[in-house]
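The chain contents come next:
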Amino acid sequence: MRSPQAVSLLAAVLQLTHHIAAEIFDVPSVDNFVRRFSCTSIVLGNYVYIDGGEVTQYENGSNTASASNIVNSTLSLDLTTSWTTTEAVLKSSLKAPGPAKGNVVLWADHARKTLYSWGGKWQFGANMKKTELWKFLADGSGGGKWSTEQPSNPSRFNELVPAEFIAFATVNNTGYAIGGQASGWTQLYRGSNQAIPGMLSYNFDTREWTNETDRSPFHTLAQASAHYVPTFGPGGVVMVMGGSMPDVDRAPSIANSPAQDFQNLTFFDPAASKTYWQVATGEIPPSPRSEFCSAGWQNTDGGYEIFIFGGDNKAVSGYPKYRDAYVLSLPGFVWTKLPEPPAGGRAYHSCVSVGKRQVLSIGGLDDSGSKEKDKAPQGLLVFDMTAMKWVDFYNAGLGVYEAPGVIKDWYAKGSLDKVQWSSETVKKMFVEQKQDSPGKGDGDEGTSTEPNNSEPTRNPVAAIAGGVVGGVVALAAIGGVAWFILRRRRQGANGIANNTDARDPTYQILPPILPGAQYPAEVSDNLPYSELSGDGRAKPNSEKQSGANGLAELPHNGVQSAQRLKAQSFTAELHGDDIQR
């Protein structure tokens with residue numbers, strides 16, 4: 001049986017061999033570009049930074065796409081000038097010594113012109129190292145330098161379990177990470193797949209990590225979006241949407257991961273240390289929905305719109321990709337469906353708010369996989385929030401964001417007065433407490449807000465109450481049965497705080513191997529993913545269902561195995577390696 005170190009070394013050698021054997025670039029030419037996916041993007045200063053993931057491209061003038069390659073650079077796009085998606089120039093900065101990962105968390109510290117990278121997966125299990133927090137100091141011209149950031153509380157940091165599929169947001173001087181999933185690709189020597197419960201935070205000023213498990217809005221959460229909205233409540237709120245809530249005591253799968261829908265929405269208030277819910281109306285996005293992207297804008301009327309696009313449906317065999325897009329308007333909690341993009345649907349992509357009213361979607365895969373050329377040039381799609389249409393250009397000179405007519409009309413008809421609020425507290429937060437804030441919010445994929453002028457707080461979250469706070473009084477009034485039904489729908493929101501027996505320490509060291517799991521075994525050409533039935537749910541897959549059977553894949557041609565090397569095999573439903581490479 002090969003050790004994890006041996007598998008990682010083999011992946012690194014084969015990856016290097018492939019780069020030598022063919023001209024492989026982190027930024028292929030427009031003609032050679034095929035797909036980019038599993039990257040994370042964020043705005044810092046005048047640039048969009050794109051980090052991690054994989055890229056496929058035509059090699060040596062052929063029309064055959066390469067196997068996917070690890071992106072070893074941090075890319076940037078200049079937002080001070082206008083460009084078309086075909087002409088956009090992606091600047092590349094070598095990632096070394098930083099790690100080449102996918103699905104990472106990115107937090108933006110605008111005051112220090114710094115990005116922080118946490119978690120994510122080591123693509124193909126290659127070059128795995130010990131857990132570190134990495135920081136990127138931007139140079140103001142689209143480049144910068146990566147280095148490690150040492151915590152002020154190392155004993156706490158050493159207990160953390162890095163994961164992928166984390167919902168994350170930046171709130172002033174603090175980064176939040178909710179849930180996620182740990183595996184043999186997220187942590188060196190780990191031999192099991194497991195959902196990570198709760199929430200953690202990192203304070204940029206004090207360099208202190210805090211275990212927020214007892215204050216998390218969810219027990220477990222994976223492949224969801226957390227979006228910071230600065231305009232409502234005492235200090236803004238974090239909206240959490242989509243994804244699923246896997247069981248923590250067994251390997252995640254579709255069967256044990258109920259979806260979070262887009263109608264009964266959960267959000268938490270860091271300043272008040274409480275979690276709330278509110279039922280949305282309008283054109284509700286279908287669910288389950290994972291691996292979608294989000295971004296947001298404050299409008300000139302003081303409201304705020306959150307944009308979501310794409311994702312996949314893991315309840316259906318083949319995990320078909322959504323091609324639809326929606327906008328959630330606040331304070332009305334009303335959804336509006338947007339036009340579908342001409343380049344089709346996608347998942348494993350990233351979105352950021354750019355300029356003054358546009359959203360940039362970066363990368364992604366459709367149902368054809370990673371070797372069919374993206375219809376979007378360089379994988380870039382742009383949506384104009386005011387015009388409510390997809391365009392093929394970024395315009396640095398557009399005016400500030402005004403809500404589109406269909407949203408303005410909804411409010412003009414007095415519809416806000418008809419909203420059935422979950423509590424008087426929630427109503428007060430959204431109708432009476434509007435903040436003077438910048439136009440951008442902060443989403444799961446790194447849409448960012450400019451630094452505010454308020455004094456940073458050392459510990460912005462003291463105690464986020466477990467459970468759906470604020471809705472209890474209203475629910476009690478309509479009877480215990482209705483309360484029970486809604487409580488079940490929000491089961492993840494009160495899992496830990498109301499259950500003294502559930503002491504799963506978020507991001508702390510969990511048992512290294514779950515029952516039935518083992519370290520990577522000898523190399524094989526086959527991956528024993530759980531067989532799916534016609535409805536997309538996992539069938540029993542022998543006594544090894546709960547574990548990871550670490551199998552790797554040898555090359556068929558001597559050079560491409562690094563792109564598909566499996567340091568460990570995982571349950572396909574939630575790991576994300578349902579990707580067709």
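So, how was this worked out
- Residues numbered from 1 in each chain as written.
- Predicted model: local features only at pLDDT ≥ 70, side-chain atom pairs only at ≥ 80, totals over all residues.
- Heavy atoms only, no water.
- Helix = DSSP H or I, 4+ residues; strand = E, 2+ residues; numbered from the N terminus.
- Contact = heavy atoms within 4.5 Å.
- Areas by Shrake-Rupley, 256 points an atom, 1.4 Å probe, with all protein chains shown as cover.
- Disulfide = S-S within 2.5 Å.
- Buried < 20%, exposed > 50% of the residue type's maximum accessible area, 1.4 Å probe, protein only.
- Pairing = 2+ DSSP bridges.
- Arc of directions from axis to C-beta.
- Phe/Tyr/Trp six-rings, centres within 6.5 Å; stacked < 30°, edge-to-face > 60°.
- Polar contact = N/O pair within 3.5 Å; in protein donor to acceptor, adjacent residues only side chain to side chain.
- pLDDT = per-residue confidence, 0-100.
- Salt bridge = Lys/Arg side-chain N within 4 Å of Asp/Glu carboxyl O.
- Axes fitted to C-alpha atoms, helices over the stretch in contact; angles between N-to-C directions.

S.K.: I would appreciate a short explanation of the overall build of the protein in the present structure.
M.R.: Counting its regular elements, the protein contains 8 helices and 34 strands. Here the contacts in the protein between residues at least 6 apart in sequence split such that 68% fall between residues at least 24 apart. Of the roughly 20,900 Å² that the protein leaves accessible, carbon and sulfur atoms contribute 51%.

S.K.: Looking at this model, I keep getting lost on the state of the cysteines. Mind explaining?
M.R.: Structurally, a disulfide amounts to a covalent bond that connects the sulfur atoms of two cysteines. Under the definition given, this model contains 1 disulfide. Disulfide pairing is shown between Cys293 and Cys351; the S-S distance is 1.9 Å. Here the residue Cys293 occupies a position in strand 26 (residues 293-298), and Cys351 occupies one in strand 30 (residues 350-354), the gap between them amounting to 58 residues. Overall, Cys293 belongs to the buried group, its relative accessible area being 0%. For Cys39, which is in no disulfide, the shortest distance to another cysteine sulfur is to Cys351 and amounts to 10.0 Å.

S.K.: For this particular structure, what's the right way to read the pairing of strand 27 (residues 304-309)?
M.R.: Successive side chains on a regular strand alternate, one facing one side of the sheet and the next facing the other. Most of strand 27 is tucked away, with 6 of its 6 residues classed as buried. Burial of the side chains of strand 27 extends over both faces: Tyr304, Ile306 and Ile308 are buried on one face and Glu305, Phe307 and Phe309 on the other. Pairing of strand 26 with strand 27, which is carried by 6 bridges, proceeds in the antiparallel orientation. Following the sheet pairing, Cys293 is matched in strand 27 by Phe309. The antiparallel pairing of strand 26 with strand 27 creates a hairpin that spans 5 residues between the two strands, and Gly302 there sits at a positive phi of about 95°. As judged from the 6 bridges shared by strand 27 and strand 28 (residues 325-330), these two strands associate in the antiparallel manner. What sits directly across from Glu305, in strand 28, is Ser329.

S.K.: Before we go on, may I ask you to explain helix 4 (residues 424-432) in this structure?
M.R.: For an α-helix the count is 3.6 residues per turn, leaving residues at separations of three or four pointing the same way. What helix 4 keeps buried is the set Val426, Met429 and Phe430. Along the long axis of helix 4, the arc covered by the buried residues comes to 80°, so they all point the same way. Along helix 4, exposed side chains directed more than 90 degrees from the buried face belong to Glu424 and Glu432. Buried-residue contacts for helix 4 involve strand 22 (237-241), strand 23 (264-269), strand 24 (274-279) and strand 28.

S.K.: Teacher, can you tell me more about the packing of aromatic side chains here?
M.R.: Any pair of aromatic rings gets described here by the distance separating the centres and the angle formed by the planes. Scanning the model with the defined rule gives 30 aromatic pairs in all. Relative to Trp209, the ring of Trp118 lies with its centre 5.0 Å away and its plane at 50°, an arrangement referred to as tilted. Pair noted here: Trp118 is in strand 11 (residues 114-118) and Trp209 is in strand 20 (residues 208-211), with a separation of 91 residues, a long-range link. Each member of the pair, Trp118 as well as Trp209, is classed as buried.

S.K.: How should the side chain of His227 be read in this particular structure?
M.R.: Note that His227 resides in strand 21 (residues 225-229). A polar contact of 2.9 Å, which involves the side chain of His227, links it to the side chain of Tyr304.

S.K.: What am I meant to see in the side chain of Ser117 here?
M.R.: Topologically, Ser117 is positioned in strand 11. You can call Ser117 buried: its relative accessible area is 7%.

S.K.: What's the story with the confidence of the model for the protein in this structure? I'm lost.
M.R.: Scored by pLDDT, the protein comes out at a mean of 77, with 71% of its residues at no less than 70. Counting contacts from residues 1-22, a segment whose pLDDT is below 50, to residues more than four positions away or on other chains yields 53 contacts. Of the regions scoring below 50 in pLDDT, residues 443-576 engages in 375 contacts with residues more than four places distant in sequence or in other chains.

S.K.: When you look at the sheet that holds strand 5 (residues 69-70) in this model, what are you seeing that I'm missing?
M.R.: Through backbone hydrogen bonds, the strands of a sheet pair up, either in parallel or in antiparallel fashion. An order of 1-4-5 is seen for the 3 strands of this open sheet, with the pairing classed as antiparallel. Single-partner strands in this sheet number two, and they are strand 1 (33-37) and strand 5. Note: strand 4 (residues 54-57) against strand 5, 2 bridges, orientation antiparallel. Considered in strand 5, the bridge of Val55 is made with Asn69.

S.K.: What should I look at first to understand the pairing of strand 4 in this one?
M.R.: Residues Glu54 and Thr56 point to one face of strand 4 and Val55 and Gln57 to the other, with burial holding for every one of them. Taken together, the 4 bridges between strand 1 and strand 4 define a ladder with antiparallel strand orientation. Paired with Arg36 across the two strands is Val55, which belongs to strand 4.

S.K.: Looking at this model, I keep getting lost on the pattern of salt bridges. Mind explaining?
M.R.: Where charged atoms from two side chains of opposite charge approach closely, those side chains can pair. For the structure on display, the rule yields 16 salt bridges. Where Arg289 meets Asp324, a salt bridge forms, and the shortest distance between an N and an O atom there is 2.8 Å. Of the two residues, Arg289 is situated in the loop between strand 25 (281-282) and strand 26 and Asp324 in the loop between strand 27 and strand 28; the sequence distance between them amounts to 35 residues. Asp324 matches Arg289 in its accessibility class, with the two residues each being buried. Residues participating in the shared-partner salt-bridge network are Arg35, Arg346, Asp366 and Asp374.

S.K.: Looking at this structure, I do not really get the environment of Trp185. What am I missing?
M.R.: Of note, Trp185 is situated in the loop between strand 17 (181-182) and strand 18 (194-195). Separated by 57 residues in sequence, Trp185 and Met128 have C-alpha atoms that sit 8.0 Å apart.

S.K.: Quick question: what am I supposed to make of the sheet that holds strand 2 (residues 40-44) here?
M.R.: Across the sheet, 4 strands lie side by side as 2-3-6-8; this open sheet has antiparallel pairing. A single partner strand is all that each edge strand has here, and the edge strands are strand 2 and strand 8 (91-94). Direction aside, neighbouring strands of the sheet carry axes that sit 25° apart on average. When strand 6 (residues 73-78) meets strand 8, the two strands line up antiparallel, connected through 4 bridges. By the bridge assignment for strand 8, Thr74 is matched with Ser93.

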